[in-house]
Amino acid sequence: MKRSMVFAIISLFVGVCLGIGVYSYHYFYPEKYIKTESGEYVLVEAMHASNTFPVTKDTQFVVEHYYTKDDRTLTEHVGNIPVLIGCDKKQLEEYLKTYMKDLSKEELALGLTTYQLVSYKDNEICLRKTYEKPKYEGYYAKSNNGTIVILNGDAKTVYEYTSISIHVLPEDLREEVKNGYYLEDENALYNFLETYSS
């Protein structure tokens, strides 16, 4: 009788310890792992991340626009991007590389330097466009309605309108100015303006 009593107490103690162990495991590690069809245990977060691809019509995209000059980020929720439906992660990254090779004039002007995949979880994919204003050096003198206009180094943005007539320039310089005459710095610009101003 004593022996069966000791055995019962030990069995009860082991059962209580196992119960406490199982309860505490589920309390401290709730649903951290899931058993897959292949019998492996996978982290729940990794399982959700892998469910992001392939992209479906329900996949939501968030595009962050990061401006390095101002160190600010604007976030845009764009819903889905139809051209990406059916793409896996590798195809999405290829799409972003191709996108960067064929930028629109607007994005070139804004200084888009990178377009990358930042994160993905559940049914949301976050992309980031990074903008860095290009720094242009020098100036261009160009003909505009018979007068000379000075452009910034991008050859598009007006730096200064002048009243210098194109006809006061020597013939060879006149031809260069029609196509855009490059002036490497402020000294060259100052000398040009000083020489041909009336």
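Treat the numbers as computed from the prediction; the structure is a model and nothing was measured. (Residues numbered from 1 in each chain as written. Predicted model: local features only at pLDDT ≥ 70, side-chain atom pairs only at ≥ 80, totals over all residues. Heavy atoms only, no water.)

**With respect to the overall build of the protein chain**
Scanning the protein chain from N- to C-terminus turns up six helices and 10 strands. By residue count, 26% of the 198 residues in the protein chain fall in the buried class. If you take every contact in the protein chain between residues at least 6 apart in sequence, the share linking residues at least 24 apart comes to 41%. Total accessible area on the protein chain is roughly 14,400 Å²; 55% of this is exposed by carbon and sulfur atoms. (Helix = DSSP H or I, 4+ residues; strand = E, 2+ residues; numbered from the N terminus. Buried < 20%, exposed > 50% of the residue type's maximum accessible area, 1.4 Å probe, protein only. Contact = heavy atoms within 4.5 Å. Areas by Shrake-Rupley, 256 points an atom, 1.4 Å probe, with all protein chains shown as cover.)

**A word on a nonpolar patch on the surface**
Taken together, the side chains of Val6, Ile10, Phe13, Val14 and Leu18 make up a nonpolar region of the molecular surface, amounting to roughly 500 Å² of accessible area. Mapped onto the fold, Leu18 is located in helix H1 (residues 2-28). (Patch = residues over 30% accessible without salt bridge, like charges linked within 9 Å, V, L, I, M, F, W, Y side chains within 5 Å. Salt bridge = Lys/Arg side-chain N within 4 Å of Asp/Glu carboxyl O.)

**Observations concerning the side chain of Thr130**
Secondary-structure assignment places Thr130 in strand E6 (residues 124-131). Apart from the residues within four sequence positions on either side, Thr130 is in contact with Tyr66, Thr68, Gly111, Leu112, Thr113 and Thr114.

**Overview of the sheet that holds strand E4 (residues 72-79)**
Read across the open sheet, the four strands follow the order E4-E3-E6-E5; overall the sheet is mixed. Unpaired on one side and paired on the other, E4 and strand E5 (112-121) mark the two borders of the sheet. Recorded for the sheet is a direction-independent mean angle of 20° between the axes of neighbouring strands. Of the pairings in the sheet, the one linking strand E3 (residues 60-67) to E4 comprises seven bridges and is antiparallel in character. Note that in E4 the partner of Val62 across the bridge is His77. (Pairing = 2+ DSSP bridges. Axes fitted to C-alpha atoms, helices over the stretch in contact; angles between N-to-C directions.)

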